[in-house]
Amino acid sequence: QVQLEESGGGLVQAGGSLRLSCAGSGRTLSTYAMGWFRRAPGKEHEFVGAISWRGNTNYADSVKGRFTISRDNAKNTVYLQMSSLKPEDTAVYYCAAGSRYDYTQTSDYAHWGPGTQVTVSS
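Just so it is clear, the structure is predicted and the values come from calculations on it, not from any experiment.

Student: Explanation requested: the state of the cysteines in the structure shown.
Tutor: Tallying each qualifying case throughout the model produces one disulfide. Between the sulfur atoms of Cys 22 and its disulfide mate Cys 95 the distance is 2.0 Å. Sign of the S-S torsion, about 65° for the bond between Cys 22 and Cys 95, identifies this disulfide as right-handed. Taken together, the residues Cys 22 in strand 3 (residues 18-25) and Cys 95 in strand 9 (residues 91-98) connect sequence positions 73 residues apart.

Set out below in structure tokens:
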């Protein structure tokens with residue numbers, strides 16, 4: 001079974017950038033579609049974006065043009081590059097492994113990391 005762990009979260013000013021990493025262990029991530037979700041205080045999980053095993057991407061409208069997902073299968077790691085950050089991007093960010101990158105529901109992803117906090121100050 002694959003284990004996931006996010007890193008790279010922190011505090012950043014509005015307009016700034018941050019790169020999150022999701023490292024896999026126990027099994028290669030190369031056969032999975034990898035998704036990023038976030039959960040703001042008092043809200044449900046929100047789909048951010050996903051990448052297929054071959055690098056096709058799918059983004060939520062709220063982050064399109066600002067966030068970029070990439071993967072390095074040799075390092076068994078997936079990245080979420082976030083730019084032009086806004087206070088409303090503040091949330092705990094999770095990576096998850098699933099079967100299809102066009103899936104946007106949490107139930108479509110079987111394996112999850114513990115999350116990393118991103119706080120954007122105004």
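Student: Would you take a moment to explain the sheet that holds strand 7 (residues 67-72) for this structure?
Tutor: Note: strands within a sheet are paired through backbone hydrogen bonds, in either parallel or antiparallel orientation. The antiparallel open sheet is built from four strands, whose spatial order is 1-3-8-7. Of all the strands in the sheet, the pair left with one neighbour each is strand 1 (3-7) and strand 7. Across this sheet, the average inter-strand angle for adjacent strands is 15°, counted without regard to direction. Pairing of strand 3 with strand 8 (residues 77-82) involves six bridges; the strand directions are antiparallel. Note that in strand 8 the partner of Ala 23 across the bridge is Thr 77.

Student: Any chance you could explain the environment of Trp 112 here in plain terms?
Tutor: Mapped onto the secondary structure, Trp 112 falls in strand 10 (residues 109-112). Residue Trp 112 is classed as partly exposed on the basis of its relative accessible area, which comes to 28%. In this structure, the C-alpha to C-alpha distance between Trp 112 and Gly 35, residues 77 residues apart in sequence, is 9.4 Å. A distance of 2.9 Å separates the side chain of Trp 112 from the backbone oxygen of Tyr 109, its partner in a polar contact.

The rules behind the values
Residues numbered from 1 in each chain as written. Predicted model: local features only at pLDDT ≥ 70, side-chain atom pairs only at ≥ 80, totals over all residues. Heavy atoms only, no water. Disulfide = S-S within 2.5 Å. Helix = DSSP H or I, 4+ residues; strand = E, 2+ residues; numbered from the N terminus. Pairing = 2+ DSSP bridges. Axes fitted to C-alpha atoms, helices over the stretch in contact; angles between N-to-C directions. Buried < 20%, exposed > 50% of the residue type's maximum accessible area, 1.4 Å probe, protein only. Polar contact = N/O pair within 3.5 Å; in protein donor to acceptor, adjacent residues only side chain to side chain.

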